[in-house]
Structure formats: structure tokens, C-alpha cells
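Next come the chains, spelled out residue by residue.
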Amino acid sequence: MKRLISLVLSFIIFLLLLILIIILNINSVTKYNTINNISKKVNYLNFIDIKSNKNEIRDNYNILYLSLEKANISKEIIEKIYKSDFFVEVTSHIIYKEFTYLKDPYNKKASIYSKQQLDRLVDYYVDKINDIDDPIKEEIKEIMKSNNNNIITIEAIIRKDIANTSLYKLKLLRYLLNLNVKIILLCLIIILMIVECLLNKEKLIPYIFVPTTLSSVFGLLIALFFKQIVISNVDEFSLNFIIPYIELFSKNLMFTSILIIMISIIYLMINEYFVNKNKKIIRPKIKQK
């Protein structure tokens, strides 16, 4: 009976630890600073594809480029516009706000951009672009401001897609990404490990070391294959934006999993050392008798 209880507790430790590792790495990737740093490395001109298959978000994204071309703005200036911090700011905002909305739709921080906010950003970031004459800057501002409704539309489309997701899946995801869940999971893991120690005392390797190592191995497998799974289920345009986050998540998950494996191996080595030491102490005593 004790062995059965220990095995069940070990399985629960494995499951809880794997979930905790995944949640921690998701949260680390979706911090605003992380999102902003990734957005700064993106070349937004690479996402322009006028001839691609119809995609509601892509169409709204392409309109600005088409409007600038139609106004005879040179390709050199268009390139400067797309390399400006305006696109970094807007992309960071949308990704961060949509993730915030995904976690909690009633959070005030998840509000959609207003037209006035976007217009102010256009004025601020276009004025910062060097080597463009003021009359051309004013023309660019007008074109970009007229396009700001399309940015709001992109946010609304993403919100609609989230809202159309199964309510059960959304509730489960929102619950798992809640801060309190991480604390609960950590406390449960510690309590279960203590119970395992009390039940098994000297035979802790199969009941603590094994589930800890297995959770790390599963974490490594997820890190290795997660990108391929996402690629096969997400459209090409959306993938262009989220692939850097997927790669960072996989990289962090792999690092965390390897770290836990190393800690488990160190624990195993320490445990083996003390077991051998105890054997050396016990044997001489037996011989004396």
C-alpha cells in the first residue's frame, strides 16, 4: 500500500513540476521588456507580401505600404519608416496587450489602442526620422494616421479570434497563467516531496529523483518539437510575428530542463556518496562483532 501511494505521489510530482516549468517559461517570454527587445530585432518590411493568399490581418498590414507607394514615397524613405521605432512600439503593444487580454479580459491594462494614441505616436516617431524633408514628413504623417484605423482593426481581429476560442480552453489557460497557480504548484510539489521523504526515508531515488528527471526530459522534448507543432497549425503571416517568441520559449524551456536534470544528477551523486559512506561505517562494526 505504501509503495502504491508513493508511486501515485511521484506521478503527481512529475505532472505538477512539468506544468510549473512550462508556465514559468511562458510568463518569462511574455514580459513587456522581453517582447519589446524581440520587436526591436524584427525587420517589418519582410512581412509585406501583396501577392500572398488573402488574410484579414495581412491585408490590413499591407495597406500602409500600398498607401505610401501610391503617394510616390521613395522605397528608401519607406524603408526608414518601417525601421522606425513606431513599428516596434505598436507591435510590442499589440502582442503584450493581447496576451494580457488572453489572461484576463477585464484587466484595464488590456485596452485596445485608441486612434488618438496612435496619431500621437505617428507624430512623435516620424519627427525622429532623419534625412527627410518636413513637407514629406507631414505627408507621411497624414498617410500613417489614415492607416491607424487598420491597426485598431488588427487588434480587434485578434480579440475576436481569442473570443471565438472554446470557453473551457480559455478558462483553463487563464487559470494556469494566474500568478497564484505558480505559488500553489510550488507549495504542492514541496509538500508531496516531504511526504515522500516521510514515507520512504532512505529510498527516495525512485520516488523523487525519477519524476524530477522525467519532467525535465519531457520539458526537453517539448522544447525540441514545440516549434514544429506551432508551424503546422498557424498561418504564415501570424507565424512571422510569433516565431521569435516560440524560439525564445523553447530555448528557455530547454535551459530550465537541463538545469533541473543537472540538479537531479548532483542530488543522486550526493545520495550515492552518503550511502557508500554509511556502508563503510556499518561493515567494520559487523566485523568487530
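This text gives an overview of the structure that appears in the document. None of these values were measured; they are calculated from a predicted model.

Let's talk about the overall build of the protein
Thought 1: Within the protein, the regular secondary structure consists of eleven helices and zero strands.
Thought 2: Counting over 289 residues, the protein shows a buried share of 39%.
Thought 3: Restricting the contact set of the protein to residue pairs at least 6 apart, pairs at least 24 apart contribute 75%.
Thought 4: Accessible surface, the protein as shown: approximately 17,800 Å² in total, 63% of it carbon and sulfur.

Structural notes on the pattern of salt bridges
Thought 1: Across all of its chains, the model carries eight salt bridges by this definition.
Thought 2: In this structure, the salt-bridge partner of K75 is E69, at a minimum N-O distance of 3.3 Å.
Thought 3: Residue classification places E69 among the partly exposed residues on the basis of a relative accessible area of 33%.

Describing a nonpolar patch on the surface
Thought 1: Together, V210, L214, V217, F218, L221, L224, F225 and I229 give the surface a local cluster of nonpolar side chains, amounting to about 680 Å² of exposed area.
Thought 2: Along the chain, the position of L214 falls in helix α10 (residues 205-231).

What about the side chain of N27?
Thought 1: With respect to the helices and strands, the residue N27 is situated in helix α1 (residues 2-29).
Thought 2: Taking relative accessible area as the criterion, N27 reaches 12% and is therefore assigned buried.
Thought 3: For N27, the residues in contact, after removing those within four places along its chain, are L177 and K182.

Observations concerning unusual backbone geometry
Thought 1: The backbone of N72 shows a phi angle near 60°, a positive value even though the residue is not glycine.
Thought 2: Examined against the element boundaries, N72 turns out to sit in the loop between α3 (56-70) and α4 (75-82).
Thought 3: In this structure N72 comes out as exposed when scored by relative accessible area, which is 68%.
Thought 4: At D131, a position not held by glycine, the phi torsion is positive, near 60°.
Thought 5: In this fold, D131 is placed in the loop between α6 (115-127) and α7 (134-163).
Thought 6: Given a relative accessible area of 71%, D131 falls into the exposed group.

What to know about the nonpolar core
Thought 1: Judged by nonpolar contacts, the single largest core of 33 residues is most densely connected at Y61, Y82 and F86.
Thought 2: Sorting the residues of this core by element identifies α3, α4, α5 (85-103), α6 and α7 as the ones contributing at least two each.
Thought 3: For this core, the leading source of residues is α7, giving six residues.
Thought 4: In contact with F86, not counting residues within four places along its chain, are L118, L121, V122, Y125, M144, N148 and I151.
Thought 5: Membership of the second largest hydrophobic core comes to 19 residues, among which are L9, L20, L185 and I260.

Rules behind the numbers
Residues numbered from 1 in each chain as written. Predicted model: local features only at pLDDT ≥ 70, side-chain atom pairs only at ≥ 80, totals over all residues. Heavy atoms only, no water. Helix = DSSP H or I, 4+ residues; strand = E, 2+ residues; numbered from the N terminus. Buried < 20%, exposed > 50% of the residue type's maximum accessible area, 1.4 Å probe, protein only. Contact = heavy atoms within 4.5 Å. Areas by Shrake-Rupley, 256 points an atom, 1.4 Å probe, with all protein chains shown as cover. Salt bridge = Lys/Arg side-chain N within 4 Å of Asp/Glu carboxyl O. Patch = residues over 30% accessible without salt bridge, like charges linked within 9 Å, V, L, I, M, F, W, Y side chains within 5 Å. Core = buried A, V, L, I, M, F, W, Y, C linked by side-chain atoms within 4.5 Å.

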